[in-house]
Structures are given as structure tokens and as C-alpha cells.
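# Structural overview for review
Residues per chain are reported as follows:
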Amino acid sequence: MIAIDFSKIDTPEKAYLLGFIIADGVISSKYKVSISSKDFEILQKCKELFGCNNKISEINVFDKRTNKKYRTYILQIGSKQLVEDLGKLGVHPRKSWNSTYPDIDEKYNSHFLRGLFDGDGSISILSDGSVRFSIIGSEFLIKKVQNIFCQEYKMSKTKLSLCAEKDTFKIYKIGYGGRNQVLKILDILYLNSTPYMRLDRKYSCYLKIKNSNIKKTSLTNKKYTSKYKGVSQNLNKYKKWTASFFGKYLGAFFTEEEAALCYNEICYRKFGEKNRLN
């Protein structure tokens, strides 16, 4: 049982949870919602917002790239009413491909977007001092996010990156670079947030950017672009090429091709065979 009613999104807490479920939740046909994260603390916060006592399970996921196991956590909630309410808000099975932006009051947009960002977003400070922000999602969802950023938040319109496609469905990423632009977005997303409606790890990164004058380092530390997607060059003495997947560092490699193959493996694992591989 849960104490929160999702028949109407009328509080910041509900809007945040909805965004996080669309990002990191799985809807099953057996009236079950599963939310997974590598951050235990955010699932504990979700439990308290839901008002439930469900157990948070820990599982080990094997990563073929590193031959190591990593911990992830899952919160499962069985509720026919919750699944039906989420369905009315456009959250269905296979939501990664077909999720849409819910019909909610615009005053809750920042809370919904923060939940989406905490689940499927990235914020990073690169070795050259530059700052990157991105959110990934279905075509329908990300194009609406782009409209909100441009029309409500007065951000410049950036080109969306096609990440994967399956049948008629597509996955896109919206991204911004530069300290001022990234801070403008994050200032809005974190406005009126509370500790129970944000992921500590990303909030700490936001504070680090906001409270420090990040300057670009010399050209000897600069990253150079690669002809391969998800690959960049570091002027490192040994491993000169790095691979990353939507802001997540995957590793360093001796050759550009090795880094590209690493990116391919992760992309294939997440999106299947119809995707943007190298």
C-alpha cells in the first residue's frame, strides 16, 4: 500500500516522483512498478514520498567490460491503482520508447524535470574544466522538454542527438554545455527543491559548479574529438582515448577503435540492435 494518490499530479512531490518513474521505473503487466538506481539514498527518499514500507532489494549486476560486479538497488511497489493512474499519465510498459510528457500544471514542470534528470540525466565537469548537462528519453518526451527549455526557460535551441531507434520509435538526447547555460537550467530545476526531492550526488555537483570559478586548463589537458561516437582524446602518456555514454565515463584505452567498441557494447546493451553504433 502507498499513501500517495497519483490520480492527479497536484504537488511538487508527485511531480518529482512521476519524472523519476518515467526515467528509472519499469511498469509490468502484473500491476507492479519497479524503480531501480545505483544510489540507495534516492530509493529511500522515494519510499518516504510514497509513504510505503516496501523493502529495497540489492542485486549485483555483472559488467562484461570490467569483469566486475556492481551493486544496484530496486524498490518494487505492487498497486493496481498506481499502475492505472500512471497509465492515464502516459506511463506504460516499454516506456523508454514511447513515454510522453504528462499533462501537468506548468508550475510543477521544474519538479518533474528534476525527477527525470535524476533518473536519466547527466551533469559532469570534464578534465578541461568544461561543464556538460544532458537528459535522454523518448522522442515525444525530449521534444517537449526542448520546448519547455526554449519557451519557458529562454534557453537557446540546441540540436537533439539521435541515440537509438526501434521500428518507428526513437531515443533522443538534449544537451547543453558551458557553465552559464548549465547553471541557468540547474538553478531552475533546483529552485524550491527539498532534500527529499533530489539526488544528493547530482546536487553536490551542481553546488560545486555554482560555488567555484571553473576555468579551462591549458591545452595540454584538452580533450579532442574523435571520428567515433562516444569517444574523445586525452593527451595522456599511456591511454590516450576515453569512452563515455551520455556523460558516464566508461574507461580509458590505448586506441581509438578500442574505445569505440566499448561504446558500441554499452549502447547495444541498453537500446538493442537498432541504434547509433560506430
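Before reading further, recall that the structure is shown in the block above.
These lines cover the structure that appears in this document, whether it is placed above or below. This is a predicted model, so every value here is computed, not measured.

### Brief notes about unusual backbone geometry
Even without glycine at this site, aspartate 167 takes up a positive phi of about 55 degrees. Of note, aspartate 167 is situated in the loop between strand 7 (161-166) and strand 8 (169-177). A positive phi angle, near 65 degrees, is found at asparagine 192, a position not held by glycine. When you line up the elements, asparagine 192 lands in the loop between helix 7 (179-190) and helix 8 (200-210).

### A few points about the packing of helix 7 against helix 8
At a minimum axis distance of 10 Å, the contact between helix 7 and helix 8 shows a crossing angle of 130 degrees. Judged by the inter-axis angle, helix 7 sits oblique to helix 8. Where helix 7 crosses over helix 8, the handedness of that crossing is left-handed. Here helix 7 contributes Arg179, Leu183, Leu186, Asp187 and Tyr190 to the contact with helix 8, which in turn contributes Lys202, Tyr203, Tyr206, Ile209 and Lys210.

### Comments concerning the side chain of serine 124
As for its position among the elements, serine 124 is in strand 5 (residues 121-125). Relative accessible area serves as the criterion here: at 13%, serine 124 is assigned to the buried category. If we ignore the near neighbours within four places in the chain, the residues touching serine 124 are Ser130, Val131, Arg132 and Gly247.

### Things to note about the nonpolar core
Counting 66 residues, the largest nonpolar core has Phe6, Phe50, Phe112, Leu113, Phe133 and Phe149 as the members making the most contacts within it. Counting residues per element, this core draws most heavily on helix 1 (residues 12-24), at 8 residues. Those residues in contact with phenylalanine 112 that sit more than four places away from it in its chain are Ala15, Tyr16, Leu18, Gly19, Ile22, Tyr101, Pro102, Ile104 and Leu141. Core analysis: the next-biggest nonpolar cluster, separate from the first, contains 20 residues, Trp241, Phe246, Cys267 and Phe271 among them.

Thresholds applied
Residues numbered from 1 in each chain as written. Predicted model: local features only at pLDDT ≥ 70, side-chain atom pairs only at ≥ 80, totals over all residues. Heavy atoms only, no water. Helix = DSSP H or I, 4+ residues; strand = E, 2+ residues; numbered from the N terminus. Axes fitted to C-alpha atoms, helices over the stretch in contact; angles between N-to-C directions. Parallel < 35°, antiparallel > 145°, perpendicular 65-115°, else oblique. Left-handed = near helix turned anticlockwise from the far one by under 90°. Contact = heavy atoms within 4.5 Å. Buried < 20%, exposed > 50% of the residue type's maximum accessible area, 1.4 Å probe, protein only. Core = buried A, V, L, I, M, F, W, Y, C linked by side-chain atoms within 4.5 Å.

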